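# Breakdown of the fold
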Amino acid sequence: MRKKALIIGGGLGGLSAALTLSTEYDVQIIEKNAQLGGKMRAINLDGFHFDFGPNTLTMPHYFWDVIAPFGEPEKRLPFKKIALPTHHQLDDFELVFTTDQQAMIEQLAKIDHKSAQNYPAFIREITSLYKRSEKPFLQKTFFSFADYCDPSLPASIIQMHPFTTLSAFLEKYFPHPFVRQLFERFATYIGSSPFEAPATFALIAYFELVEGTYSLEGGASKIAAVFEELLIAQHVVIHTDELVTSLNHLNNKITGCTTTKGHYEADLVICNADYDVFQQLLGRKTTKKQRSTSAYVELIGLKSPVPLHHHNVLFSADYKKEFQALHTGHYAENPTVYSCYPYASDSSNPPALFVLINAPSNAPLAVEKLTLQVDTALLKWGISKQHIVTRQVLPPSFIAEEFLTAGGAIYGQASNSLKNSFFRPRNRDSQFNNLYYVGGSVHPGGGSPIVVKSGYEMAKRILKNNEATLTN
Ligand SMILES: Cc1cc2nc3c(=O)[nH]c(=O)nc-3n(C[C@H](O)[C@H](O)[C@H](O)COP(=O)(O)OP(=O)(O)OC[C@H]3O[C@@H](n4cnc5c(N)ncnc54)[C@H](O)[C@@H]3O)c2cc1C
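Going by what an unreviewed UniProt entry lists, the chain is known as 4,4'-diaponeurosporene oxygenase and is assigned to Kurthia sibirica. Regarding the chain, the relevant UniProt record gives this comment under Sequence similarities (unreviewed entry): "Belongs to the carotenoid/retinoid oxidoreductase family. CrtP subfamily." Turning to the chain, the UniProt record has this under Pathway (unreviewed entry): "Carotenoid biosynthesis; staphyloxanthin biosynthesis; staphyloxanthin from farnesyl diphosphate: step 3/5."

Judged by pairing direction, the sheet is mixed, and its seven strands sit side by side in the order β7-β6-β15-β16-β17-β14-β18 without closing on themselves. Two strands lie at the open edges of the sheet, namely β7 (93–96) and β18 (388–394), each paired on one side alone. Going across the sheet, the axis of each strand differs from the next one's by a mean of 15°, ignoring polarity. Direction of pairing for strand β14 (residues 294–302) relative to β18: antiparallel, over a ladder of six bridges.

We now examine helix α10 (residues 203–211). Taking burial as the measure, the nine residues of α10 include seven buried ones, the bulk of the element. Turning to α10, its buried residues number three or more, namely L203, I204, A205, Y206, F207, E208 and L209. Buried-residue contacts for α10 involve β6 (86–90), α4 (101–111), α5 (113–138), α9 (177–184) and α17 (448–465). Directly beyond the C-terminal end of α10, a positive phi value near 110° is found at G212.

Below, the discussion takes up the packing of helix α2 (residues 60–67) against α17. For the pair α2 and α17, the least separation of the axes is 9 Å and the interaxial angle reads 30°. With respect to α17, the element α2 is oriented roughly parallel. Crossing handedness for the pair α2 and α17: left-handed. Here Y62, F63, D65 and V66 of α2 lie close against α17, whose contacting residues are S448, P449, I450, V452, K453 and Y456. Looking at the contact of α2 with α17 residue by residue, the classes come out as seven nonpolar, one polar and two charged.

Below, the discussion takes up the confidence of the model for the chain. For the chain, the mean per-residue pLDDT works out to 94, and 98% of the residues sit at or above 70. Note on residues 468–472: pLDDT is under 50 here. Beyond four places in sequence and across chains, it has 13 contacts.

Here the second largest pocket defines a volume of roughly 320 Å³. Lining the second largest pocket are 15 residues, and of these L314, F315, S316, P335 and K380 lie nearest its centre. Counting residues per element, the ones that place at least two in the lining of the second largest pocket are β6 and α14 (367–380). Here the residues of the lining of the second largest pocket are counted per class, giving seven nonpolar, five polar and three charged.

Before going further, it helps to examine the domain arrangement of the chain. Taken as a whole, the chain is organised into domain 1 (4–38 + 55–72 + 219–290 + 414–469) and domain 2 (81–136 + 164–216 + 291–403). Its C-alpha centre places domain 1 at a distance of 28 Å from the equivalent point of domain 2. Each partner contributes to the interface: domain 1 provides 29 residues, whereas domain 2 provides 31 residues. Summed over both sides, the interface of domain 1 with domain 2 buries roughly 2,400 Å², with 53% coming from carbon and sulfur. The interface formed by domain 1 and domain 2 holds one salt bridge in total. Between R291 and D276 there is a salt bridge whose closest N-O contact spans 2.7 Å. Counting every contact that joins domain 1 to domain 2 gives twelve residue pairs in polar contact (both at pLDDT 80 or more). Going through the elements one at a time, α2, α11 (222–233), α16 (418–422) and α17 are the ones with two or more residues in the side of domain 1 that touches domain 2. Class assignment of the residues belonging to the side of domain 1 that touches domain 2 gives a composition of ten nonpolar, 14 polar and five charged.

A separate point is the packing of helix α8 (residues 166–173) against α9. Relative orientation of the contacting elements α8 and α9 amounts to 135°, with a least axis distance of 10 Å. Put simply, α8 runs oblique to α9. The interaxial crossing formed by α8 with α9 has right-handed handedness. Of α9, the residues touching α8 (which contributes L166, S167, L170 and E171) are R180, F183 and E184. Within the contact of α8 with α9, the residues separate by chemical class into three nonpolar, one polar and three charged.

To continue, consider the sheet that holds strand β13 (residues 268–271). Reading across the sheet, the five strands line up as β9-β2-β1-β13-β19 and stay open at both edges, with parallel pairing between neighbours. Among the strands making up the open sheet, the edge pair consists of β9 (237–239) and β19 (435–437). Here the strands of the sheet are splayed against their neighbours by 20° on average, with no regard to which way each runs.

About the criteria used
Residues numbered from 1 in each chain as written. Predicted model: local features only at pLDDT ≥ 70, side-chain atom pairs only at ≥ 80, totals over all residues. Heavy atoms only, no water. UniProt positions renumbered as here; feature names shortened; annotations may be inferred. Pairing = 2+ DSSP bridges. Helix = DSSP H or I, 4+ residues; strand = E, 2+ residues; numbered from the N terminus. Axes fitted to C-alpha atoms, helices over the stretch in contact; angles between N-to-C directions. Buried < 20%, exposed > 50% of the residue type's maximum accessible area, 1.4 Å probe, protein only. Contact = heavy atoms within 4.5 Å. Parallel < 35°, antiparallel > 145°, perpendicular 65-115°, else oblique. Left-handed = near helix turned anticlockwise from the far one by under 90°. Nonpolar A, V, L, I, M, F, W, Y, C, P; charged D, E, K, R; others polar. pLDDT = per-residue confidence, 0-100. 1 Å grid on protein atoms, 1.4 Å probe; cavity = no way out; pocket = protein on both sides within 12 Å on 5 of 7 lines; lining within 4 Å. Points joined across faces, edges and corners; volume = space filled by probe spheres on them. Domains from an automatic or database assignment. Buried area = accessible area lost by both parts, 1.4 Å probe. Salt bridge = Lys/Arg side-chain N within 4 Å of Asp/Glu carboxyl O. Polar contact = N/O pair within 3.5 Å; in protein donor to acceptor, adjacent residues only side chain to side chain.

Below you can see the structure in the form of structure tokens.
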């Protein structure tokens, strides 16, 4: 008889683990919301399509790896590389990312010769950073203390610049503040500050500047839809609109869970919910660690197409001040504003903008002020009120309540220190040895390709070790 695996939470990490386990386990997914995908969520607003959550898509092969055992990965998820994905602007400075090194150098040369000169060395460094971190860090799951005792781990960590901040690391290559800001922004992909997060996270720059940024016809949420199709084909039982309220256990084993609709038995449980919130279900205290940022989002339907790039960034003049405000739980006075305009790559849906401002988690919200800041950004992008057909605000409380995250933090604890970056909550519970954790709030961290990869790697390790039979 096949063993039973329960997945709590249908976010990308949980779906990836469920699909991989489904070849050998009877898998059930229990999701609080009406749909799977977690923060990756398609939203229809007055006929306009929006993708909440992941808008910047990178590392297609991480997604393909998970669905490859079920055939035709590239056909099911036909990622298309965007030639000029992201336009950045600060006053008179502007630059559009591209994986074409020469084109980047030419743009940088118009801003600062030294930065242009150093760009090839920077690309070499982030490439080797990514390569050095893939095996010991991104591919590795941490189940127990023994996993940290791998003698090669300290050497691997040291090579990943853990003691330098991202900003200080970038200063070596890019003396010009605007050029640094372009790459400092990658710290926000993990909800952290470039002035605190280790330089290790320069590896995120590798994803976009070396491998590239992609679009998917129909939108990013197609990824969750394809995963769901395959889960159904694999006979995974999906329970939606159902909240897990407690876990049942006997000695050091989880035996199942209780939900708002019933009870389930399991040989192993994978938790894809926010780690801190879930600890409360186990009767444990939550940590006092600094949380990652949240997001203030506006969804805006447009009357007609506008000449924007797929991704657009309007930087604040004082980036340090912006992160100091976030660190102390405040909104920045003049924040950086990001917009995603998928119509630039795929006109199958009407033109619409997803606008995002980094928000502190758990902070009071001044919607009128933020809406005005978005209005100012829209005008800079050539969009006046007359262009807008529909508009909706999704504040950090939406993230907190909809996906049950502590304070609306997107990535659990912030990666603003060496400890919180390299020693995030591990992937197996220290008390219950058949309880596992996957997703943005645990090792190795957030971002859609990373959580999908970690769900896949964890499930492969469970299959390889036949973990459900472990007794110690
Ligand atoms: C505004 C925003 C923008 C983002 N932009 C990008 C981007 O451009 N690129 C990128 O790669 N990533 C981006 N991300 C990050 C990315 O969305 C996440 O890292 C990733 O989707 C998280 O996946 P996860 O596996 O951690 O699960 P989650 O998406 O966190 O899903 C967890 C699921 O568990 C469910 N759940 C929780 N508790 C329970 C319970 N007790 N019972 C049942 N179900 C429960 C929740 O309802 C939820 O559906 C963004 C996120 C946000 C919010």
